Amino acid sequence: MGAHSKSVSFRTRLAVALAVAGLATFGVVGTATAGEGTVDGTPCSESTRACVDIDGKQAWLIDDGEVVRGPVQISTGGEGRETPRGVFSVEWKNKDHRSAEFNNAPMPFAVFFAAGGVAFHEGNLHTQSAGCVRMAYEDAEAWFEFLEPGDRVEVR
């Protein structure tokens, strides 16, 4: 195919390389950049009501894009029973819930937000949970009082 084919290939590669470099420099239209639309000090969006940072073992309550409680210490699920990451909605609440799965174990101030019975609730902060987000008594009570069914929950 000769020199023309090689120069087209070179021009194509050069154009692609310049485009990629430009995107890396200026960002891709429509993608979020660090801090854009997030609540200061959290990894979550301004539209959320409850924010969880699994790796940092912290959680926050948010109202109209402002932190109203937190960060608070939490315990989350361990290997094989990880706390799911993603965006969820509060499904239901039960102040005096007991776990049918774990021999009627108490789950005070339970706020259920993900499939499989994953909830915020009071519990031991020094061991891993079976997927729930456990909190100190006062924090679990605050989450229970603040959150309502339909509220957005982000777990990062």
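These numbers were taken from a predicted model, which means no experiment stands behind them.

Enquirer: Just to check I follow, could you spell out unusual backbone geometry for this structure?
Expert: Among all residues save glycine, negative phi is the norm, and among peptide bonds the norm is trans. Across the junction of Gly 70 and Pro 71, the peptide omega takes the value 5 degrees, indicating a cis bond. For Asn 104, which is not glycine, the phi torsion reads 65 degrees and is therefore positive. Mapping Asn 104 onto the fold places it in the loop between strand 5 (92–99) and strand 6 (105–114).

Enquirer: I tried to follow the pattern of salt bridges on my own but got confused; where do I start?
Expert: If charged atoms from side chains of opposite charge come close, those side chains can pair. Inspection of the entire model under this criterion finds 8 salt bridges. Among the salt bridges present, the one from Glu 101 reaches Arg 81, with a minimum N-O distance of 3.6 Å. Placement of Glu 101 in the loop between strand 5 and strand 6 and of Arg 81 in the loop between strand 3 (66–75) and strand 4 (86–89) is noted, with a sequence separation of 20 residues between them. Note that Glu 154 is salt-bridged to Arg 156, the shortest N-O span being 2.6 Å. You can call Arg 156 partly exposed: its relative accessible area is 33%.

Enquirer: When you look at the UniProt feature "active site" (unreviewed entry) in the chain in this model, what are you seeing that I'm missing?
Expert: Mapped onto this numbering, the UniProt entry annotates "active site" (unreviewed entry) at His 121 and Cys 132. Cross-referencing the annotated residues with the lining of the largest pocket gives His 121 and Cys 132. Summarising the element assignment, His 121 is placed in strand 7 (residues 118–122). With sequence-adjacent residues up to four places away left out, His 121 is seen in contact with Met 107, Pro 108, Phe 109, Ala 110, Cys 132, Val 133, Arg 134, Met 135 and Ala 140. Tracing the backbone shows Cys 132 in the loop between strand 7 and strand 8 (133–135). Not counting residues within four places of it along the chain, the set of residues in contact with Cys 132 comprises Ser 75, Thr 76, Gly 77, Thr 83, Met 107, Gly 117, Val 118, Ala 119 and His 121.

What counts, and where the lines are drawn
Residues numbered from 1 in each chain as written. Predicted model: local features only at pLDDT ≥ 70, side-chain atom pairs only at ≥ 80, totals over all residues. Heavy atoms only, no water. Helix = DSSP H or I, 4+ residues; strand = E, 2+ residues; numbered from the N terminus. Salt bridge = Lys/Arg side-chain N within 4 Å of Asp/Glu carboxyl O. Buried < 20%, exposed > 50% of the residue type's maximum accessible area, 1.4 Å probe, protein only. UniProt positions renumbered as here; feature names shortened; annotations may be inferred. 1 Å grid on protein atoms, 1.4 Å probe; cavity = no way out; pocket = protein on both sides within 12 Å on 5 of 7 lines; lining within 4 Å. Contact = heavy atoms within 4.5 Å.

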